[in-house]
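# Survey of secondary and tertiary structure
The chain contents come next:
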Amino acid sequence: MGDRNRITAWFIRLIVLLLIFICSIFFMFLLKPQYFIEDLEEYVENTILSAIDGTLNIGKIEGNFINGFNIGPIEYLADTSVIFSTKGIYIDPDLSRSAFGTIVLSEVKIDN
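Right, let's walk through the structure included here.

Moving on, we get to the pairing of strand S2 (residues 68-78). As paired elements, strand S1 (residues 55-64) and S2 share 9 bridges and run antiparallel to each other. What sits directly across from Thr 55, in S2, is Leu 77. As paired strands, S2 and strand S4 (residues 88-93) are joined by 3 bridges and run antiparallel to one another. Residue pairing in the sheet places Ile 71 in a bridge with Ile 89 of S4. Two strands pair when backbone bridges link them, and S2 and strand S3 (residues 81-86) are joined in this way by 5 bridges, in the antiparallel orientation.

Next up, the structure:
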């Protein structure tokens, strides 16, 4: 019986450590997404460029999932013509719906 209690206690500790690790990664992603921004920036550029012809220049992406993101400056060029240009865009994601796999933005502001 003593071995079974030790194995159960070890298993419970392992599960608690795993949950702490997962929660830490989750909160780090929400509050400090700088660690993931480069991947996010590359994903956004590749997704948009696959849908359009031309060049897309995206400046810095700053912020987090709680307070929103500031992106800018942004410039879209087709050949040598400027099609779209902005000083920045503010995006505030809606986390309550994102938890279910749907990307929803609660606020988008374009600073021109």
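Moving on, we come to the pattern of salt bridges. Pairs can form between side chains of opposite charge once their charged atoms are near each other. In total, this model carries 1 salt bridge according to the counting rule given. Among the ionic pairs, Lys 109 bridges to Glu 107, the shortest N-O distance being 3.2 Å.

Core analysis: the largest hydrophobic core is formed by 9 residues, namely Leu 56, Ile 58, Ile 61, Phe 65, Phe 69, Ile 71, Ile 74, Tyr 76 and Ile 89. Secondary structure elements with two or more residues in this core: S1 and S2. Here this core takes 4 residues from S2, the largest share from any one element. Tyr 76 has contacts with Ile 52, Asp 53, Gly 54, Thr 55, Leu 56, Ser 81, Val 82, Ile 83 and Phe 84, leaving out every residue within four places of it along the chain.

Moving on: a nonpolar patch on the surface. On the surface, Ile 83, Phe 84, Ile 103, Leu 105, Val 108 and Ile 110 cluster together into a nonpolar patch covering about 610 Å² of accessible area. Mapped by element, the contributors of at least two residues to the nonpolar patch are S3 and strand S5 (105-111). Counting residues per element, the nonpolar patch draws most heavily on S5, which supplies 3 residues. By relative accessible area, which is 47% here, Val 108 ends up partly exposed.

Before going further, it helps to examine unusual backbone geometry. Among all residues save glycine, negative phi is the norm, and among peptide bonds the norm is trans. In this chain, Gly 72 is followed by Pro 73 through a cis amide linkage whose omega measures -5°. Considering the arrangement of structural elements, one finds Pro 73 in strand S2. Its identity as a non-glycine residue notwithstanding, Asp 79 has a phi of 60°, on the positive side. The residue Asp 79 is located in the loop between S2 and S3 in this model. Assessed through its relative accessible area of 77%, Asp 79 is described here as exposed.

Cut-offs applied
Residues numbered from 1 in each chain as written. Predicted model: local features only at pLDDT ≥ 70, side-chain atom pairs only at ≥ 80, totals over all residues. Heavy atoms only, no water. Pairing = 2+ DSSP bridges. Helix = DSSP H or I, 4+ residues; strand = E, 2+ residues; numbered from the N terminus. Salt bridge = Lys/Arg side-chain N within 4 Å of Asp/Glu carboxyl O. Core = buried A, V, L, I, M, F, W, Y, C linked by side-chain atoms within 4.5 Å. Buried < 20%, exposed > 50% of the residue type's maximum accessible area, 1.4 Å probe, protein only. Contact = heavy atoms within 4.5 Å. Patch = residues over 30% accessible without salt bridge, like charges linked within 9 Å, V, L, I, M, F, W, Y side chains within 5 Å. Areas by Shrake-Rupley, 256 points an atom, 1.4 Å probe, with all protein chains shown as cover.

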